[in-house]
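A structural walkthrough
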Amino acid sequence: MNNAARVMDTPDERGRFGNFGGRFVPEALVPACLELESAFREAWADEEFVEEFQSVLRQFGGRPTPITPLRRLSKQLGLNIFAKREDLAHTGSHKINNVVGQTLLTKRMGKTRVIAETGAGQHGVATATAAARLGLSCTVFMGEVDTVRQELNVFRMELLGARVVSVTSGSKTLKDAVNEAMREWVTCVSDTHYCLGSVMGPHPFPWMVREFQSVIGNEAARQMRELAVGVPDFVVACVGGGSNAAGIFAGFADSSARLVGVEAAGGAAVRSGSPGVLHGMRSLLLQDEFGQIEEAHSISAGLDYPGIGPEHAHLAEVGRAEYYAIGDEDVIGALKLLSESEGIIPALETAHAIAWIAREAGGLLPKDATVLVNLSGRGDKDVAQVRAMLSPS
Amino acid sequence: MPYLVAGSTDQWVRHVEAAVLGGADAIEIGIPFSDPMMDGPVIQAAAQIALERSTTFESVCGELETLDVDVPLIAMTYYNVFLHHGLERAAGRLRAAGVLGAILPDLAMEESNPWRESAGAVDLATILLVAPSTPADRAHRLAQASEGFTYAAARMAVTGVARDDGDAARVVATIREASDIPVYVGIGVSRPVQAQELSKVSDGVIVGSALVERIIGGSNVADTESFVRSFRDALDE
C-alpha cells in the first residue's frame, strides 16, 4: 500500500491530524513528550521491539482474539454481524494492547515507574497488570465517583500491586483523573512514564496509542478475509477517548467499509462539542460559551469524557468516519440483548455499539448488511451496577 | 509579583489594590479555568470558587477596567479560555482592560505562534516559562522569545507551597546565558525569606498559592497588604 495515500497516517511533526492534535502542555512536560516521541519512533521502526510487542501479546495478552459470527442476533436484526472479541483479551478489554506497548517502551527508556488515569478501571487494571509483569512501580489516578461505581476494579489494581489514588477535584471522573495524572507527571517525569490510556493527550500519545491498538484492526481484516467475508460494509465501535475505535478503524480506513463511532449521548464530543484545547490536544470538546469544559455524564465510566481523540475529530471533519450518540436508556437493553442472544455480556461501554446496531438495523444499516463490531470489553466489571439498575429498590 | 485568582472573592479587586499598596512591582491575575493542569490544590480550589461565582473572561476584564493602579497587570490563564473567545478579540480585550502581558502555561512554544501574532498586534507581551527539565538550548530559545520577562519555574511541580529554592538558581543562570530579559522565579515561593534568597539570583519572585490560600480562607484586604509588604521588606533589605 502506498504510504502517502493512507487515511490514518503518521501525523505531521507537530502531531497534527488535519486541524486537530498538537502538543499543548506545560513547558515542564515538553522535554518528556519529545523524548517519548523519539523513543517510540525508534522502537516502532525496530523489528526486535515490534517482535517482542507481538510476542507478549500472544503469550500474555491472549492474542489473536477471535472473530465470532453473531448468528442469532444477526437473524433477529436482519443483518450479518461479526464481533471482534477484545473482551477475550487478558484483563477483559482491548486496553491490554496499549499498555503492553507502553510498558515495554517504559523499560526501553530506562524508566522504572508508570502512572495512569482510569475511568471504568479497565485501563487502570491493564496498566497495573503490565507493570506487574515487568516489575514496574504503578500508580493509578481514578475519579472518586468512579472508585465507587467500579470498586472491584480498585481492588483488582491493588491486588496487582498498584497504588490507586482517588481524585476529588472537579467532576471527580475521568477528566479529573487525567488532570491529576498530568500534575503528578510534572513532579516525577525523570523516572516515570505516563501510560495514557486512550488516543488522546499531547503528541505522540494519540498516534502511539493508535499504533499499539491497530493490532485489532489488522488482525480483524485478516480474519474477515479468512472467513471469506472480506471487507464488511460497516465497522462499528464505541468511542470515549476512542482507542478501541481507532484500533479497529486502522485496519479498514483504506477500505470501502463505513466507519462508525458510537458516543455516549452525555459525552458526545463529535455530536455536541466544538473545537478547543484540553489535556494537551486540540480536539472536539464539550464546553460552555466561555470555554470552560463541561462535565460528561454517562452510565459508563469509560465513556464519561468530555472530549475525543484528535484523530477521530479529524476523521469526522473529513467525513471518513461517522459518529452517533446513544443515550443511557438504550444501553442496558443492548447489554441484555447481546447477553441473551449470544451468551456474551458486554461492558457498558461496548453495549453502546450494540445499541446503535440494534437501533439502526433496517435504518442506516440496510437489510443483510455485513457489520463488524468491536466488542471492546466484557461486562463482568459492570454486573453489580447493572443489577442495581435492573432491580429498583 | 503577587498572583491572585480573579473572582475568587467579591473583594478580589480590592485585594489587588492592597497588594499594590503593600509594594508589589506587578500583579499577576489568574483568570479561572475548569481544568487548571499546572495548578495545585489551592489555586484549583480558588478557580472553582471563582467559576461557581460566575466569573468569566469578560467579567474579569470588566472589573479590571475599574482598577486604578500604576503597576503592570499580567493575565494568567489556560489557552482554551482565549481560544474560545477568539485570539484577536481576547488579546484586544485584555489590552483595553489595562493588561500588559499574558502567561499561558499550557501553550507550548511550538503552538504559540497564532496567539503571539494576535497579542503582538496589540502590544500585549507573551511571557514564556522555562522549567528545570528544559534543556539549555531550548531554554535559550524560550528566553529570547519571551517578552517583558521570563518566568523561571523553581521546581518540577505544579503551583503550591514549598520550603526550599528548588532549582531556581540553575534555571535562572541558563536563561541569563541567552538573554538579559528580567527573570522572575515562581512555583512554590511562599515565604519572605525564600524571596530574599531568590532575589540574589533573579529579578523578582512570583507568590501565588500562599496568598491565594489566605484570600480564599477569608483574610481581609489589610492582611493582603501586610502579607505583600512582608515580601517587599525582605526584598528591600
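Residues numbered from 1 in each chain as written. Chains lettered and ligands numbered in written order. Predicted model: local features only at pLDDT ≥ 70, side-chain atom pairs only at ≥ 80, totals over all residues. Heavy atoms only, no water.

1. Section: the sheet that holds strand E8 (residues 183-186) of chain B
All names here are of chain B. With parallel pairing, the four strands of this open sheet are ordered in space as E6-E7-E8-E9. In this open sheet, the two edge strands, each paired with only one partner strand, are strand E6 (129-130) and strand E9 (204-205). In terms of strand pairing, E8 meets E9 through two bridges, oriented parallel. The residue bridging Val185 from the neighbouring strand is Val205, located in E9. (Pairing = 2+ DSSP bridges. Helix = DSSP H or I, 4+ residues; strand = E, 2+ residues; numbered from the N terminus.)

2. A look at the sheet that holds strand E4 (residues 99-103) of chain B
All names here are of chain B. Taken in spatial order, the five strands of this open sheet run E1-E2-E3-E4-E5, and their pairing is parallel. Two strands lie at the open edges of the sheet, namely strand E1 (3-5) and strand E5 (125-127), each paired on one side alone. Strand-to-strand, the axes of this sheet are offset by a mean angle of 30 degrees, without reference to chain direction. In this sheet, E4 lies alongside strand E3 (residues 73-76) in parallel orientation, the contact comprising four bridges. (Axes fitted to C-alpha atoms, helices over the stretch in contact; angles between N-to-C directions.)

3. Re the domain arrangement of chain A
Residue and element names in this part refer to chain A. Split by domain assignment, chain A resolves into domain 1 (16-57 + 96-205) and domain 2 (63-93 + 214-390). Computed from C-alpha coordinates alone, the two centres of domain 1 and domain 2 are separated by 22 Å. With 37 residues of domain 1 in contact, the opposing surface of domain 2 contributes 41 residues. When the two sides are added together, the surface that domain 1 and domain 2 hide from each other amounts to roughly 3,200 Å², 61% of it contributed by carbon and sulfur. Remark: the boundary between domain 1 and domain 2 carries one salt bridge. Arg149 is the salt-bridge partner of Asp304, the closest N and O atoms lying 2.6 Å from each other. Where domain 1 packs against domain 2, one counts 15 residue pairs in polar contact (both at pLDDT 80 or more). (Domains from an automatic or database assignment. Contact = heavy atoms within 4.5 Å. Buried area = accessible area lost by both parts, 1.4 Å probe. Salt bridge = Lys/Arg side-chain N within 4 Å of Asp/Glu carboxyl O. Polar contact = N/O pair within 3.5 Å; in protein donor to acceptor, adjacent residues only side chain to side chain.)

4. Here's the deal with the interface of chain B and chain A
Residue-level contacts link 34 residues of chain B with 36 residues of chain A. Carbon and sulfur atoms make up 56% of the surface buried where chain B meets chain A, a total of about 2,700 Å² over both sides. For the interface between chain B and chain A, the tally reads four salt bridges. Of the charged contacts in the structure, one is a salt bridge between B:Asp35 and A:Lys175, with a shortest N-O distance of 2.8 Å. Our count for the chain B to chain A interface comes out at 20 residue pairs in polar contact (both at pLDDT 80 or more). Those elements giving two or more residues to the side of chain B that touches chain A turn out to be helix H2 (41-52), helix H4 (79-85), E6 and helix H7 (136-145) of chain B. Take the side of chain B that touches chain A: its biggest share by element is five residues, from H4(B).

5. A word on the nonpolar core
In this structure, A:Phe249, B:Ile27, B:Phe82, B:Leu94 and B:Trp115 are the most contacted members of the largest nonpolar core, which totals 181 residues. Per element, the largest residue contribution to this core is 10 residues, and it comes from helix H9 (residues 205-226) of chain A. Apart from residues lying up to four places away in sequence, A:Phe249 is in contact with A:Met8, A:Val235, A:Leu259, A:Val260, A:Gly261, A:His312, A:Leu315, A:Ala321 and A:Tyr323. In terms of nonpolar packing, the next biggest core, distinct from the first, is built from 34 residues, A:Leu73, A:Phe234, A:Leu338 and A:Val373 among them. (Core = buried A, V, L, I, M, F, W, Y, C linked by side-chain atoms within 4.5 Å. Buried < 20%, exposed > 50% of the residue type's maximum accessible area, 1.4 Å probe, protein only.)

6. What to know about the packing of H7(B) against helix H8 (residues 168-178) of chain B
Residues and elements named next belong to chain B. Relative orientation of the contacting elements H7 and H8 amounts to 65 degrees, with a least axis distance of 8 Å. As for the relative orientation of H7 and H8, their crossing is right-handed in sense. Across from Ala136, Ala139, His140, Ala143 and Gln144 in H7, the residues of H8 making contact are Thr174, Ile175, Glu177 and Ala178. Across the contact of H7 with H8, the residue classes tally to five nonpolar, three polar and one charged. (Left-handed = near helix turned anticlockwise from the far one by under 90°. Nonpolar A, V, L, I, M, F, W, Y, C, P; charged D, E, K, R; others polar.)

7. What to know about the side chain of A:Arg63
Residues and elements named next belong to chain A. Along the chain, Arg63 turns up in the loop between helix H2 (47-59) and strand E3 (67-69). With a relative accessible area of 6%, Arg63 lands in the buried category. Side-chain polar atoms of Arg63 contact the side chain of Glu219, separated by 2.8 Å. Sequence-distant contacts of Arg63, defined by excluding residues within four places in its chain, comprise Leu57, Arg58, Lys84, Glu86, Asn97, Val215, Ile216 and Glu219.

8. Let's talk about a nonpolar patch on the surface
Residue and element names in this part refer to chain A. On the surface, a nonpolar cluster with roughly 300 Å² of combined accessible area is contributed by Phe155, Leu159 and Leu160. Of note, Phe155 is situated in helix H7 (residues 151-159). For Phe155, a relative accessible area of 48% translates into the label partly exposed. (Patch = residues over 30% accessible without salt bridge, like charges linked within 9 Å, V, L, I, M, F, W, Y side chains within 5 Å. Areas by Shrake-Rupley, 256 points an atom, 1.4 Å probe, with all protein chains shown as cover.)

9. Quick notes on the environment of B:Arg214
Residues and elements named next belong to chain B. With respect to the helices and strands, Arg214 occurs in helix H10 (residues 209-216). On a C-alpha basis, the gap between Arg214 and Phe227 in space is 9.4 Å, while along the polypeptide they are 13 residues apart. Among residues more than four places away in sequence, those in contact with Arg214 are Ser219 and Phe227.

10. What to know about the packing of aromatic side chains
Residue and element names in this part refer to chain A. Overall, the coordinates contain 16 aromatic pairs over all chains when judged by the stated rule. Plain terms: the ring middles of Trp185 and Tyr194 are 5.8 Å apart, the flat faces sit at 65 degrees to each other, and that makes the pair edge-to-face. Here Trp185 matches Tyr194 in class, with each residue buried. Taken together, the ring pairs connect Phe40, Trp44, Phe53, Trp207 and Phe212 into an aromatic cluster. (Phe/Tyr/Trp six-rings, centres within 6.5 Å; stacked < 30°, edge-to-face > 60°.)

11. Some words on helix H6 (residues 113-121) of chain B
Residue and element names in this part refer to chain B. Among the residues of H6, those classed as buried are Trp115, Ser118 and Ala119. What you see down the axis of H6 is that its buried residues fit within an arc of 95 degrees, all on one side. Residues of H6 that are exposed and point more than 90 degrees away from the buried face comprise Asn113, Glu117 and Ala121. For H6, the secondary structure elements touched by its buried residues are H4, helix H5 (87-96), E4 and E5. (Arc of directions from axis to C-beta.)

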